[in-house]
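Examining the three-dimensional arrangement
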Amino acid sequence: MDPSESSLPEPWILAVREQVRLRPAMALGLIFSLVALVGLLVQGLGDLVLGGGPPFLRFAVLGGLAGLGATALGALPALGFQTLRQRTEDMLLGAAAGMMLAATSFSLLLPGLEAGGNLAGSKGLGAATVVFGMALGVLLMLGLDALTPHEHDRTGPCGPGHARCGRVWLFVFAIALHNLPEGMAIGVGFARGDLSVGLPLATAISLQDLPEGLAVALALRGAGLTPRRAVGVAAATGCLEFLGALLGIGLASGFPLAYPVGLGLAAGAMLFVVSHEVIPETHRNGHQTPATLGLMAGFALMMVLDMALG
């Protein structure tokens, strides 16, 4: 092997070490959340294997595939045009944010509070269980956001080692930070086979993947990719939702309290993405009112769907 090849990751490692030195609390939070996540996953997978296989795996697979397909379908219009009116894009992303917020509220937090209260024998302890899961989700996303090189369409590159990554890869890493928790939410929602929880959640995430897939494909075209390649890469990022769904059903299928903790973890991660990335992105271009109206329309649509499907 060429010695220079083995040294390629070294600048990124050094950049991560410097970031850890500057932000030790965030690094410790990421380590804590990853340890808890791995512990839940190992215990859940162990129970699934000993129990003869994951009984609700097919639901998580179908939900993850729905998110993948919606992302690909949303990206297809980028074959015909390169840009959207900024006002229209902000309104569509606002609607996606509203659907994510409604899904988090009605399909993650409320079922988590109910399950946690029933298992703990106390509404207060049940709420504390869900809040603990939310804290894990936020710590996970904070750490990944700080220590992963990525780029957002308007704010530019960030994270350690971003200077050594191409712009396209930085976009892909940013999309991964969005899609993974969404997939985890789908998997957690189906972990107990309760369609009244998993079906509205998978529907909401798939619907909001349509404008998100288009926004990603257009951003990749703006970064210099050909239309076909931009659509292909945008569609391929939906695979992360499928993988996240498998991860979610694994981590929430173990001991009983893993279910409300997993619901809280997915909720915390999704709330972080909406508040930290999506809403600021829609309010950065002077179109706050259309974006807010889109958010409220998306929230209302998801509320109706949750009542109809749940």
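This text gives an overview of the structure that appears in the document.

What counts and how
Residues numbered from 1 in each chain as written. Predicted model: local features only at pLDDT ≥ 70, side-chain atom pairs only at ≥ 80, totals over all residues. Heavy atoms only, no water. Helix = DSSP H or I, 4+ residues; strand = E, 2+ residues; numbered from the N terminus. Contact = heavy atoms within 4.5 Å. Areas by Shrake-Rupley, 256 points an atom, 1.4 Å probe, with all protein chains shown as cover. Buried < 20%, exposed > 50% of the residue type's maximum accessible area, 1.4 Å probe, protein only. Lys, Arg positive; Asp, Glu negative; His and termini not counted. Salt bridge = Lys/Arg side-chain N within 4 Å of Asp/Glu carboxyl O. Polar contact = N/O pair within 3.5 Å; in protein donor to acceptor, adjacent residues only side chain to side chain. Phe/Tyr/Trp six-rings, centres within 6.5 Å; stacked < 30°, edge-to-face > 60°. Lys NZ or Arg CZ within 6 Å of the ring centre and 35° of its normal.

A separate point is the overall build of the protein. Of the regular secondary structure elements, the protein holds twelve helices and two strands. Helices (α) and strands (β) of the protein occur, in sequence order from the N terminus, as α-α-α-α-α-α-β-β-α-α-α-α-α-α. Excluding contacts between residues fewer than 6 apart, the proportion of contacts in the protein whose partners are at least 24 apart in sequence is 82%. Split by element, the accessible area of the protein, about 13700 Å² in all, is 70% carbon and sulfur.

Let us look at the side chain of arginine 221. Within the secondary structure layout, arginine 221 lies in helix H8 (residues 195-222). As a buried residue without a salt bridge, arginine 221 has its nearest oppositely charged side chain in glutamate 89, at a separation of 12 Å. Among the polar contacts listed, one links the side chain of arginine 221 to the backbone oxygen of alanine 78, at a separation of 2.8 Å. Setting aside chain neighbours within four positions, we find arginine 221 in contact with Ala78, Leu79, Phe81, Gln82, Pro227 and Ala230.

A few words now on the environment of glycine 248. Structurally, the position occupied by glycine 248 is in helix H10 (residues 239-251). Assessed through its relative accessible area of 0%, glycine 248 is described here as buried. A sequence separation of 57 residues divides glycine 248 from alanine 191, and the C-alpha atoms of the two residues are 7.6 Å apart. Excluding residues that lie within four positions of it along the chain, glycine 248 makes contacts with Met184, Gly187 and Val188.

One pair of aromatic rings is described through two measures. These are the centre distance and the angle between the planes. Tallied over the entire structure, the rule returns two aromatic pairs. Judged by centre distance (5.8 Å) and plane angle (40°), the ring pair of phenylalanine 59 and phenylalanine 190 falls under tilted. Taken as a pair, phenylalanine 59 in helix H4 (residues 57-75) and phenylalanine 190 in the loop between helix H7 (167-189) and H8 lie far apart in primary sequence, 131 residues in all. When the ring centre of phenylalanine 59 is taken as origin, the NZ or CZ atom of arginine 58, which lies over that ring, is 4.6 Å away.

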